[in-house]
Amino acid sequence: ILPYILPFSSSCKAPERKSRSSKAEARSRAVAKEKTLECGQIVWGLAFSAWPVAEEGDTDPACTVGLPCLILATGLNDGQIKVWEVQTGHLLFSLLGHQDVVRDLSFAPNGSLILVSASRDKTLRVWDLSRDGRSVQGWRQVQVLSGHVQWVYCCSISPDCSMLCSAAGEKSALLWSMRSYTLIRRLEGHQSSVVSCDFSPDSALLVTASYDACVIMWDPYTGEQLRTLRHVPLHSALDDSSEVHTSSLRSVCFSPEGLYLATVADDRLLRIWALELRSPVAFAPMTNGLCCMYFPHGGFIATGTRDGHVQFWTAPRVLSSLKHLCRKALRTFLTTYQVLALPIPRKLKEFLTYRTF
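Residues numbered from 1 in each chain as written. Predicted model: local features only at pLDDT ≥ 70, side-chain atom pairs only at ≥ 80, totals over all residues. Heavy atoms only, no water.

In the nomenclature of an unreviewed UniProt entry, the protein chain corresponds to WSB2 protein from the organism Eolophus roseicapilla. Its UniProt record gives the protein chain the following Pathway (unreviewed entry) comment, quoted word for word: "Protein modification; protein ubiquitination." (UniProt positions renumbered as here; feature names shortened; annotations may be inferred.)

Next comes the structure, spelled out in structure tokens:
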């Protein structure tokens, strides 16, 4: 993997005051303005969502009437969640309820404006930011999910919006129903704290990453472990004179087409894994890595670091096979149990349920 340099700064720094002359120069050059949202607290979690078009007669529209806009939810150190209109930088509202750091945020992918927040107060909270969720007192808190005994680090909503996975400083991840907001099952198999999780684009797979240096691939419908990816040190890419801790995986994410995984670990490597192989297909040396995320249309990966930088990397591009596209289309609306009930050959069932690798 080679670094991919984009034509803008990727460092997250403290805001600096700009002189009027520099602002005028920027306007004269017609460059994009740099925006700074003053949150007033350490920002731990971020989540974007589209806001519906405002209609005539709305008493408190978030956006200009007739125009859609983008909102950003920020999880803060004091337990608040502040929601901003991105284009203008206007603070729309704050969500209050958490008693400690809001560590992660996840919007439902279906555009319903359901937001899930994960906090160090050991709870997850579900918020309804749609028009129906607005009351005189503020935005409606739909549910408080309790079950973790440690800080909650990560939450991920499945693309079909039926499930929620949460990871805390525990050896198990929790899988919740997004329809009834009840616990479906505990996913037990890791030997150390689970710190990251992500669903495949068709919701048929779930991956969890742990300090035990393993990524486990699960069938979220049955709770079955399908594969374990073990992070083995790659000494040739490291400085042998320094002490390397390979037992700390930090982040895992699926590629948009669902054929690759990216992982970041404390052994100073970004790894790319092909879904059907047990060893990485590409490496990139990086330091202080904490998180990774694929560009929505594939081809690039963004990684965040402790020293305040976001780095961009080229990633393997793939043309999905017709078989995989058909599987992805079917699994988007069929559960594992529904596939197993189909009157089709066993080998086809195994392929559709990802049991063939």
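So that's the structure; there's more coming.
1. Quick look at the overall build of the protein chain
What the protein chain contains, in helices and strands, is 4 helices and 24 strands. A total of 357 residues make up the protein chain; the buried ones form 45% of that total. Counted over contacts in the protein chain with a minimum sequence separation of 6, partners at least 24 positions apart contribute 45%. Only carbon and sulfur atoms are counted for the fraction: they give 54% of the accessible area of the protein chain, which is about 18300 Å². (Helix = DSSP H or I, 4+ residues; strand = E, 2+ residues; numbered from the N terminus. Buried < 20%, exposed > 50% of the residue type's maximum accessible area, 1.4 Å probe, protein only. Contact = heavy atoms within 4.5 Å. Areas by Shrake-Rupley, 256 points an atom, 1.4 Å probe, with all protein chains shown as cover.)

2. Some remarks on the UniProt feature "domain: SOCS box" (unreviewed entry) in the protein chain
In the numbering used here, UniProt assigns the feature "domain: SOCS box" (unreviewed entry) to residues 321-357. Between the C-alpha atoms that bound residues 321-357 there is a distance of 16 Å. The span itself is 59% helix and 0% strand.

3. Focus on the UniProt feature "repeat: WD" (unreviewed entry) in the protein chain
When the UniProt feature table is mapped onto this chain numbering, "repeat: WD" (unreviewed entry) sits at residues 72-94, 95-137, 145-186, 187-228 and 242-276. Between the end C-alpha atoms of residues 72-94 the distance is 12 Å, and the span holds 0% helix and 65% strand.

4. Examining the pairing of strand S22 (residues 289-294)
Within a regular strand, side chains alternate between the sheet's two faces. Taken together, the 5 bridges between S22 and strand S23 (residues 300-305) define a ladder with antiparallel strand orientation. Across the sheet, the residue bridging to cysteine 291 is glycine 304, located in S23. Hairpin geometry of S22 and S23 is characterised by an intervening segment of 5 residues between the two adjacent antiparallel strands and by a positive phi of about 80° at glycine 298. (Pairing = 2+ DSSP bridges.)

5. Here we look at the sheet that holds strand S18 (residues 249-254)
One open sheet holds the 4 strands; their spatial order is S18-S19-S20-S21, and the pairing between them is antiparallel. Across the chains shown, the open sheet's two edge strands, defined by having one partner strand only, are S18 and strand S21 (280-285). Sheet twist, expressed as the average angle between the axes of neighbouring strands with direction ignored, equals 15°. (Axes fitted to C-alpha atoms, helices over the stretch in contact; angles between N-to-C directions.)

6. Remarks on the sheet that holds strand S14 (residues 194-199)
Working definition: the strands of a sheet are paired by backbone hydrogen bonds and lie parallel or antiparallel to each other. Strand order in the open sheet formed by 4 strands is S14-S15-S16-S17, and the pairing between neighbours is antiparallel. Across the chains shown, the open sheet's two edge strands, defined by having one partner strand only, are S14 and strand S17 (224-230). The sheet shows a mean angle of 20° between the axes of neighbouring strands, taken without regard to direction. Judged from the 5 bridges that link them, S14 and strand S15 (residues 206-210) form a sheet pairing that is antiparallel. Residue phenylalanine 199 lies in a different strand from S15, and its bridge partner there is leucine 206.

7. Remarks on helix H2 (residues 322-331)
Every α-helix winds through 3.6 residues per turn, so residues three or four apart in the chain are directed the same way. Every buried residue of H2 is accounted for by His324, Arg327 and Arg331. Projection of H2 onto a plane perpendicular to its axis shows the buried side chains occupying an angular sector of 60°, all on one side. Packed against the buried residues of H2 are helix H3 (336-340) and helix H4 (346-352). (Arc of directions from axis to C-beta.)

8. Concerning the environment of isoleucine 301
Along the chain, the position of isoleucine 301 falls in strand S23. Setting aside residues no more than four positions away along its own chain, isoleucine 301 makes contact with Ala262, Ile272, Cys292, Met293, Tyr294, Gln311, Phe312, Trp313 and Ala315.

9. A look at the pattern of salt bridges
Per the stated rule, a full pass over the model turns up 5 salt bridges. A salt bridge links glutamate 224 to arginine 355, with the nearest nitrogen and oxygen atoms 2.6 Å apart. Of this pair, glutamate 224 sits in strand S17 while arginine 355 sits in the segment after H4, and the two are 131 residues apart along the sequence. On the accessibility criterion, glutamate 224 (38% relative accessible area) is partly exposed. On the basis of relative accessibility, which here comes to 26%, the residue arginine 355 falls in the partly exposed class. A salt bridge links arginine 271 to aspartate 267; the shortest N-O distance between them is 2.8 Å. According to the relative accessible area criterion, arginine 271 is buried, its value standing at 1%. For aspartate 267, a relative accessible area of 1% translates into the label buried. Several salt bridges converge on common partners, so that one network encompasses Asp219, Glu224 and Arg355. (Salt bridge = Lys/Arg side-chain N within 4 Å of Asp/Glu carboxyl O.)

10. Section: the state of the cysteines
As enumerated under the stated definition, the model contains 0 disulfides in all. The thiol of cysteine 155 is unpaired, and the distance to the nearest cysteine sulfur, on cysteine 154, comes to 6.3 Å. (Disulfide = S-S within 2.5 Å.)

11. Section: the side chain of arginine 227
Structurally, the position occupied by arginine 227 is in strand S17. Although buried, arginine 227 forms no salt bridge, and the nearest oppositely charged side chain, glutamate 276, lies 7.5 Å from it. There is a polar contact of 3.3 Å between the side chain of arginine 227 and the backbone oxygen of leucine 277. What arginine 227 contacts, discounting residues up to four positions off in sequence, is Val215, Ile216, Met217, Leu275, Glu276, Leu277, Arg278 and Phe357. (Lys, Arg positive; Asp, Glu negative; His and termini not counted. Polar contact = N/O pair within 3.5 Å; in protein donor to acceptor, adjacent residues only side chain to side chain.)

12. Remarks on the side chain of serine 200
In this fold, serine 200 is placed in the loop between S14 and S15. Residue classification places serine 200 among the buried positions, given a relative accessible area of 2%. Separated by 2.7 Å, the side chains of serine 200 and aspartate 202 make a polar contact. Beyond its immediate sequence surroundings of up to four residues, serine 200 is in contact with Pro159, Leu205 and Phe254.

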